[in-house]
Amino acid sequence: MVLMTGDIVDRGGYSAQWNSLFAGLPALERYQQATLPGNHEYYHDNDPSYIDASIYNQFYNNPQNGPEDRLNSSYYFRYGDALIIMLDIMPNTKNPYDLEANKAWFKEVVQNNPSRWIIVGSHAGAITAGIYAHDAKQIWNNWSETFEECQVDLALSGHEHIYIRKDLWYQGEYNEELGVTYLVGPAAGQKDYAAQNTEGLTVKRGNYRGQIVKLQGTKMTVSLYDTTGTEFATFTLNAKRNGSPAEITDEELLNYSVDGMRIVMATFPIIAFPIVIGNFFQSIGKAKKSIVLSLSRQVLFLIPLLLILPNFLGIKGVWWSLPISDVIATILSLIMIARYYKYDVKS
């Protein structure tokens, strides 16, 4: 997959530039692309004003799951263990976005899509080496707290045409466990800006470069390369969240299964009591008693136990719910048959 955080063409309003892009880079056709508009896509002509993403939207058909005022240019998707959220949050545009509505959408996406990794893309980023300090300040003030609250792992951006990185930043200080890493990618093309301010940042100047993100279990590795394959920078992040159940090893799955089978089968010898007694009541026309016994094991007792025990015992609470339900159902069936013979038969 190829991620591009804007400035794909120089002037979004010039169709010839879009045609040249797609004709000149046929290799892109072989890859899934996740893009968003930058300030140059917001330029409709030579006027250096940020207009809107309407022309960009004519060339890219992105997932239609973003906020209403940035539909198609903001969106999200799952890619393996990663939740990737692309944000069209260019500041100072003639068509400003609803900040609070977009932040609410962002939080809802994170809440509804639990993932090991959360990667955010935007054109203007929250850190700067000086060229676009005014834009970065707005992004930082508007979004850094939300990124920290939602435990974003990597915030990717462009805009500055230079490699800039701020590692694991959380509430004003370096934090290995909770920090967000902000990363500005250098230009894949010709434009190259000088750094004006590097305090607290990792900065590397140079154009015609790109980055490769590798997700391997609980490790994320991000490396910077040029067109010759020379590596200029690399760093690794540790996952803040647990992996998905799909990554349980065969040995772990076998251990879970063995423990579960031992617990569940412990009460197999007594399961016959509620089954046989329920059938007995059915055969003599005691339908209500039969229905109660039929529902007792799998509904009346099991469901409440499944809702309660895992809160205290974890996965073993699920296993123990079954034999406990069987024991209670067996006791109930013995009480009911004893009362039947004591009262109904004698009468």
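Residues numbered from 1 in each chain as written. Predicted model: local features only at pLDDT ≥ 70, side-chain atom pairs only at ≥ 80, totals over all residues. Heavy atoms only, no water.

### Focus on the environment of Val222
And step 1. Its place among the elements puts Val222 in strand 12 (residues 219-226).
And step 2. For Val222, a relative accessible area of 1% corresponds to the buried category.
And step 3. Note: C-alpha distance between Val222 and Ala233 (11 residues apart in sequence) is 8.2 Å.
And step 4. Here Val222 is in contact with Leu154, Leu183, Gln211, Ile212, Val213, Ala233, Thr234 and Phe235, once residues within four sequence places are set aside. (Helix = DSSP H or I, 4+ residues; strand = E, 2+ residues; numbered from the N terminus. Buried < 20%, exposed > 50% of the residue type's maximum accessible area, 1.4 Å probe, protein only. Contact = heavy atoms within 4.5 Å.)

### What about the packing of helix 4 (residues 99-112) against helix 5 (residues 133-149)?
And step 1. Between helix 4 and helix 5, the least distance of the axes is 11 Å, while the angle of their chain directions is 15 degrees. Taken as axis vectors, helix 4 and helix 5 run roughly parallel relative to one another. Taken as a pair, helix 4 and helix 5 cross one another with a handedness that is right-handed. Listed contacts from helix 5 to Leu99, Asn102, Lys103, Phe106 and Lys107 of helix 4 are Asn142, Trp143, Thr146, Phe147 and Glu149.
And step 2. Looking at the contact of helix 4 with helix 5 residue by residue, the class counts come to four nonpolar, three polar and three charged. (Axes fitted to C-alpha atoms, helices over the stretch in contact; angles between N-to-C directions. Parallel < 35°, antiparallel > 145°, perpendicular 65-115°, else oblique. Left-handed = near helix turned anticlockwise from the far one by under 90°. Nonpolar A, V, L, I, M, F, W, Y, C, P; charged D, E, K, R; others polar.)

### Concerning the pattern of salt bridges
And step 1. Enumeration over the complete set of coordinates arrives at eight salt bridges.
And step 2. With a closest N to O distance of 2.3 Å, Arg241 and Asp153 form a salt bridge. Taken together, the positions of Arg241 in the loop between strand 13 (231-238) and helix 6 (250-265) and Asp153 in the loop between helix 5 and strand 6 (154-157) put the pair 88 residues apart, joining distant regions of the chain.
And step 3. Two residues, Asp167 and Arg165, come together in a salt bridge whose shortest N-O distance is 2.7 Å.
And step 4. Since its relative accessible area comes to 25%, Asp167 is described here as partly exposed. (Salt bridge = Lys/Arg side-chain N within 4 Å of Asp/Glu carboxyl O.)

### Digging into the side chain of Thr35
And step 1. Secondary-structure assignment places Thr35 in strand 2 (residues 33-35).
And step 2. Those residues in contact with Thr35 that sit more than four places away from it in its chain are Met4, Ile8, Tyr56, Tyr60, Asn62, Tyr75 and Met86.

### Considering the confidence of the model for the protein
And step 1. For the protein, per-residue confidence averages 90 on the pLDDT scale, and residues scoring 70 or more make up 97% of the total.
And step 2. Ranking the elements of the protein by mean pLDDT puts helix 6 last, at 81, and strand 6 first, at 98. (pLDDT = per-residue confidence, 0-100.)

### Focus: the sheet that holds strand 11 (residues 209-216)
Sheet strands pair by backbone hydrogen bonding; their relative direction is either parallel or antiparallel.
And step 1. Spatial strand order, 11-12-13: three strands in an open sheet with antiparallel pairing. The open sheet is flanked by strand 11 and strand 13, the only strands paired with a single partner. Neighbour-to-neighbour, the strand axes of this sheet turn through a mean angle of 15 degrees, independent of strand direction.
And step 2. As paired strands, strand 11 and strand 12 are joined by eight bridges and run antiparallel to one another. (Pairing = 2+ DSSP bridges.)

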